[in-house]
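Remarks on the overall topology
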Amino acid sequence: MKAPPSHRQELALPRGRRARRIESRYINTGYYPGYDVLDQQGHWDQPTWEAIRQRMEEIPPLRFFTRDEAEIYRRLCDEIVGQDAERDPWTVPIVHFLDAKLHRNETDGYRFAGMPPMREAFRLGAAAVDESAQRLFGRAFTALDREQRREVVRRLAAQELPGRKWRRLNPKHFWHHLATATVAIFYAHPYLWNEIGFGGPAYPRGYMRLVNGEAEPWEAREERAALRGGAKPAAA
């Protein structure tokens, strides 16, 4: 029987995979300078590598949202996770993956009592947010400045937005679905794995340090690098 490959040894590319790597354009903005989870791609099996390649290289086209709805959700999702295309060196195209989920009619597997189906809820949610922006600031949501958008998101999370359309859509349940989907898409991206020091997929290599919170040999060690948006690290 052959001995399993060393955890520190690069595995051969899985059979059938083209001899190339997923290109990384990551610029560090977190606590793990020099760390890039894509350096581990030689340890992944073919299905895992292909899934991550698609996530990195194949941004889904917009097929469900209208242009106006897509712009509303682009700004909503960016505010929820705190990314800014004009400020940050990279961003995750959340709205495209959210659109793909709705285009496939992929639900969360449950529906709150009184909530419309997922697709209908997101269409109604966009209209309701826009109506609230008009009532609060006299402008469409996409025309608001950053601070005004943040106020709309804050009020949405607190179920405090004005507007008649919220009578047809429970804001608490809509916020739950929107925030859950947004955060799940955001942290499924390898660049965010770099931000939090996540080691990425461990198949077929597996984990070997399972106790006492010890890091695997390939995982990053936390350091205090420059943070996204120029924020200062919290005091130790």
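Remember, predicted model here, so these are calculated numbers, not experimental data.

The rules behind each value
Residues numbered from 1 in each chain as written. Predicted model: local features only at pLDDT ≥ 70, side-chain atom pairs only at ≥ 80, totals over all residues. Heavy atoms only, no water. Helix = DSSP H or I, 4+ residues; strand = E, 2+ residues; numbered from the N terminus. Buried < 20%, exposed > 50% of the residue type's maximum accessible area, 1.4 Å probe, protein only. Contact = heavy atoms within 4.5 Å. pLDDT = per-residue confidence, 0-100. Phe/Tyr/Trp six-rings, centres within 6.5 Å; stacked < 30°, edge-to-face > 60°. Salt bridge = Lys/Arg side-chain N within 4 Å of Asp/Glu carboxyl O. Patch = residues over 30% accessible without salt bridge, like charges linked within 9 Å, V, L, I, M, F, W, Y side chains within 5 Å. Areas by Shrake-Rupley, 256 points an atom, 1.4 Å probe, with all protein chains shown as cover. Axes fitted to C-alpha atoms, helices over the stretch in contact; angles between N-to-C directions. Parallel < 35°, antiparallel > 145°, perpendicular 65-115°, else oblique. Nonpolar A, V, L, I, M, F, W, Y, C, P; charged D, E, K, R; others polar. Core = buried A, V, L, I, M, F, W, Y, C linked by side-chain atoms within 4.5 Å.

**Details of the overall build of the protein chain**
Per the secondary structure count, the protein chain includes 7 helices and 0 strands. Mapped in sequence order, the helices and strands of the protein chain form the string α-α-α-α-α-α-α. Burial analysis of the protein chain (236 residues in total) assigns 44% to the buried set. Counting contacts in the protein chain only where the partners sit at least 6 residues apart, residues at least 24 apart contribute 68% of the total.

**Brief notes about the confidence of the model for the protein chain**
Interpreting fine coordinate detail is not advised for predicted regions of low pLDDT. With 86% of its residues at a pLDDT of 70 or more, the protein chain shows a mean pLDDT of 87. With pLDDT under 50 throughout, residues 232–236 is counted as low confidence; its partners more than four residues away or in other chains account for 7 contacts.

**Notes on the packing of aromatic side chains**
Following the criterion strictly, the structure yields 12 aromatic pairs and no others. Taking the centre distance of 5.4 Å and the plane angle of 50° together, the rings of Tyr26 and Tyr191 count as tilted. Of this pair, Tyr26 sits in the segment before helix H1 (46–57) while Tyr191 is found in helix H7 (residues 190–196), placing the two residues 165 residues apart along the sequence. For Tyr191, a relative accessible area of 9% puts it in the buried group.

**With respect to the pattern of salt bridges**
What the rule picks out here adds up to 19 salt bridges. As a salt-bridge pair, Glu50 and Arg53 come within 2.7 Å of each other at their nearest N and O atoms. Of the two residues, Glu50 and Arg53 are both situated in helix H1; the distance of 3 residues between them amounts to about one turn of the helix. By relative accessible area, which is 8% here, Arg53 ends up buried. The partner of Arg87 in a salt bridge is Asp88, and the shortest N-O contact between them spans 2.7 Å. The partly exposed category is assigned to Arg87, whose relative accessible area is 36%. It is possible to trace a salt-bridge network through shared partners that takes in Glu79, Asp84, Arg146, Glu147, Arg149 and Arg150.

**Let's talk about a nonpolar patch on the surface**
On the surface, Val183, Tyr187, Ile196, Phe198, Tyr207, Leu210 and Val211 cluster together to form a nonpolar patch covering roughly 680 Å² of accessible area. Within the fold, Tyr187 resides in the loop between helix H6 (171–186) and H7.

**A word on the packing of helix H4 (residues 118–137) against H6**
Where H4 meets H6, the axes come as close as 11 Å, and the angle between the chain directions of the two elements is 100°. The angle between H4 and H6 places the two elements in the roughly perpendicular class. Residues Met118, Ala121, Phe122 and Gly125 of H4 form the contact with H6, whose own contacting residues are Phe174, His177 and Leu178. When its residues are assigned to classes, the contact of H4 with H6 shows 5 nonpolar, 2 polar and no charged.

**What to know about the nonpolar core**
Here is a general trend for soluble globular proteins: nonpolar side chains tend to be buried in one another's company. Phe65, Tyr73, Leu98 and Phe122 are the most contacted members of the largest nonpolar core, which totals 53 residues. Those elements that place two or more of their residues in this core are H1, helix H2 (67–81), helix H3 (94–103), H4, helix H5 (146–157), H6 and H7. A total of 8 residues in this core trace back to one element, the largest contributor, which is H4. Not counting residues within four places of it along the chain, the set of residues in contact with Phe122 comprises Phe65, Tyr73, Leu98, Leu102, Phe174, His177 and Leu178.

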